[in-house]
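# Understanding the architecture of this molecule
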Amino acid sequence: MSKDKHHKHEHHLRRCCGCMASCLLALVLVVAFVSLVVYLALRAPSKPSFYLQDLKLLRPISLGDPSLTASAQVTLASRNPNDRVGIFYKRLDVFVTYRDEAVTVPVSLPPQYQGHRDFTVWSPVLSAESVPVAAYVADAMKQDVAAGFVALQVKVDGRVKWKVGSWVSGS
């Protein structure tokens, strides 16, 4: 009889170990599946792409000694390249630089949400009234204006947040 008891006890032990191994394997598979779904949904989103579509001088650039006066309307476009992630533009400032020196006052664009694969266009007017610039910048710009070619850069500085479903980054 003791042999039968030992056999039954061993049978229950094997059955319990097999059940625990199956449960552990199922738990590992569930965790791996959830991790894969989270990774695919929340992997690092791609940054938005900005394009300068147009820059129109509303007033010719005039140079004082050493200051600058100008007015321009720029047309900027932004594209959200993400399939599953929306973008909140919390703060966007647009300004024009010449040789890495700001020559217009930053203009704030209104806060906006951009959905998946959306395209947004802004057309702010950027102006500068007697903006002081370094003497070497004024001299270089005088030469460029005389040559008929001025290399201006339109810069966008700001803060964005990502939105996936109802979750928003940094909230």
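Our structure's up above, just so we're on the same page.
Note that the coordinates shown come from a computational prediction; the quantities given were computed from them, not determined experimentally. (Residues numbered from 1 in each chain as written. Predicted model: local features only at pLDDT ≥ 70, side-chain atom pairs only at ≥ 80, totals over all residues. Heavy atoms only, no water.)

## Quick look at the pairing of strand S9 (residues 153–164)
Summarising the sheet, strand S3 (residues 86–98) and S9 pair through 11 bridges and their orientation is antiparallel. Bridge assignment links Leu92 to a residue of S9, and that residue is Gly158. In this structure, S9 lies alongside strand S10 (residues 167–168), joined through 2 bridges in antiparallel fashion. Bridge pairing in S10 places Val164 opposite Trp167. Hairpin connection of S9 to S10: 2 residues between the antiparallel strands, including Gly165 at a positive phi of 60°. (Pairing = 2+ DSSP bridges. Helix = DSSP H or I, 4+ residues; strand = E, 2+ residues; numbered from the N terminus.)

## A look at helix H2 (residues 135–147)
Between the first and last C-alpha of H2 there are 19 Å, a value that for 13 residues agrees with the 18 Å anticipated at 1.5 Å per step. For H2, the full list of buried residues reads Val137, Ala138, Ala140, Met141 and Asp144. Projected onto a plane normal to the axis of H2, the buried residues spread over an arc of 165° and lie on a single side. What points out from H2, more than 90 degrees from its buried face, is the exposed set Tyr136, Gln143, Ala146 and Ala147. Tucked inside the fold, the buried residues of H2 contact strand S1 (49–63), strand S2 (67–79), S3 and strand S4 (101–102). Looking one or two residues beyond H2, the residue adopting positive phi is Gly148, at roughly 85°. (Expected span 1.5 Å × (residues − 1). Buried < 20%, exposed > 50% of the residue type's maximum accessible area, 1.4 Å probe, protein only. Arc of directions from axis to C-beta. Contact = heavy atoms within 4.5 Å.)

## Details of the environment of Ile87
Position of Ile87 among the secondary structure elements: in strand S3. Residues within four places of Ile87 in sequence aside, it is in contact with Pro48, Asn80, Asn82, Gln112, Tyr113, Gln114, Val160, Lys161 and Trp162.

## Section: the pattern of salt bridges
Applying the stated criterion across every chain yields a total of 4 salt bridges. Between Glu129 and Arg59 there is a salt bridge, with the nearest N and O atoms lying 2.6 Å from each other. Of this pair, Glu129 sits in strand S8 (residues 125–132) while Arg59 sits in strand S1, placing them 70 residues apart in sequence. In this structure Arg59 comes out as partly exposed when scored by relative accessible area, which is 33%. (Salt bridge = Lys/Arg side-chain N within 4 Å of Asp/Glu carboxyl O.)

Read these as layout, nothing more, since geometry by itself doesn't imply function.
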